[in-house]
Amino acid sequence: QYIVEGSIRDRMLTVSLIDTENGQCMWNGRSALPGHDDLATLDSVLTGITVTLGFRIDQNEQQRALHKAQSDLSVRELIWRGRWHLSRLTRDDATAARACFEEALLREPNSPEALIQMCWVQLWALWATRGAEEEIRDVRKLAQRAIIADYEDARGHMLAGIAEIWLRQPLRAESLLRRAIDLNPSLVMAHAQLGSALHLKGDHNGAIVALQTAIRLSPNDPDLFYTYAELAM
């Protein structure tokens, strides 16, 4: 559904993201390339571009699902619509998101994406209400189901890591979050949550580096309020 086009000229990388459904250019960006021997900087540039592409596609798919009748939505589209509701961070939208994910799981009980998104909506509810320890353990079980459903999806490991932070288990959390980052270096929230785990462990310098990495990778991320608050702490 999407095409990424790019060119290099005078050590400048230009990248465009095209929606093949309507031919629209959704995003165009330029990045200066480092020297041939500076592979770390090159990796950082490419990871940043990956984050931006993922964010743009994510937003576009949410809007696409939003403009279809609820009864016509596929499992995939139910998940996209639920994600749109979840991103609005209101109580009513959280309820609507949960309904979308529950319907998706009813149709496909072992869908990794539906499990991951249901885990997200439960985590947001717990974060907003400061839920009980038993509820956090239930979320951890759901995250573990997501890992089993698709071990290569970094988000399952990240969500399990968040649950371990809330259970005051920073070493377990760090291990899970580092695994998530190994699987997907452009998973911004995994870097931010690693910062939280390291802060809880007492590694404050490591926490600052992880949180600053999250900000650098996605300077306009919708969850920056969390990352900046952790950095302030």
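So, here is what we can say about the structure in this document.

## As for the layout of surface pockets
Roughly 1100 Å³ of internal volume is contained in the largest pocket. Lining the largest pocket are 36 residues, with Gly54, Asp58, Arg83, Arg155 and Leu187 positioned closest to its centre. Where the lining of the largest pocket is concerned, the elements lending two or more residues are helix 1 (39–66), helix 2 (75–87), helix 4 (112–129), helix 6 (154–166), helix 8 (188–201) and helix 10 (224–232). Broken down by element, the lining of the largest pocket gets its largest block of residues, eight residues, from helix 1.

## Regarding the packing of aromatic side chains
Following the criterion strictly, the structure yields three aromatic pairs and no others. Ring geometry for tryptophan 127 against phenylalanine 225: centres 6.1 Å apart, planes inclined by 55°, an arrangement best described as tilted. Taken together, the residues tryptophan 127 in helix 4 and phenylalanine 225 in helix 10 connect sequence positions 98 residues apart. Linked through ring pairs, Trp124, Trp127 and Phe225 together constitute an aromatic cluster. A cation over an aromatic ring shows up here: arginine 130 above the ring of tryptophan 127, its NZ or CZ 5.7 Å from the ring centre.

## Quick notes on unusual backbone geometry
One non-glycine residue with positive phi stands out, namely aspartate 10, at about 50°. Tracing the backbone through its elements, the reader meets aspartate 10 in the loop between strand 1 (2–9) and strand 2 (12–19). The exposure class assigned to aspartate 10 is exposed, which follows from its relative accessible area of 72%. Phi is positive for arginine 11, close to 60°, though the residue is something other than glycine. The topology assignment puts arginine 11 in the loop between strand 1 and strand 2.

## Regarding helix 1
With 28 residues, helix 1 extends 41 Å between its outermost C-alpha atoms, agreeing within 8% with the 40 Å of an ideal straight helix rising 1.5 Å per residue. Here the buried face of helix 1 lies against strand 1, strand 2, strand 3 (24–32), helix 2, helix 8 and helix 9 (204–217).

## A closer look at the pairing of strand 3
Strand direction decides the pairing type here: strand 2 and strand 3, joined by eight bridges, are antiparallel. The residue of strand 3 that forms the bridge with serine 16 is asparagine 28. Between strand 2 and strand 3, which follow one another and run antiparallel, lie four residues, and glycine 23 among them has a positive phi close to 75°.

Basis of the calculations
Residues numbered from 1 in each chain as written. Predicted model: local features only at pLDDT ≥ 70, side-chain atom pairs only at ≥ 80, totals over all residues. Heavy atoms only, no water. 1 Å grid on protein atoms, 1.4 Å probe; cavity = no way out; pocket = protein on both sides within 12 Å on 5 of 7 lines; lining within 4 Å. Points joined across faces, edges and corners; volume = space filled by probe spheres on them. Helix = DSSP H or I, 4+ residues; strand = E, 2+ residues; numbered from the N terminus. Phe/Tyr/Trp six-rings, centres within 6.5 Å; stacked < 30°, edge-to-face > 60°. Lys NZ or Arg CZ within 6 Å of the ring centre and 35° of its normal. Buried < 20%, exposed > 50% of the residue type's maximum accessible area, 1.4 Å probe, protein only. Expected span 1.5 Å × (residues − 1). Contact = heavy atoms within 4.5 Å. Pairing = 2+ DSSP bridges.

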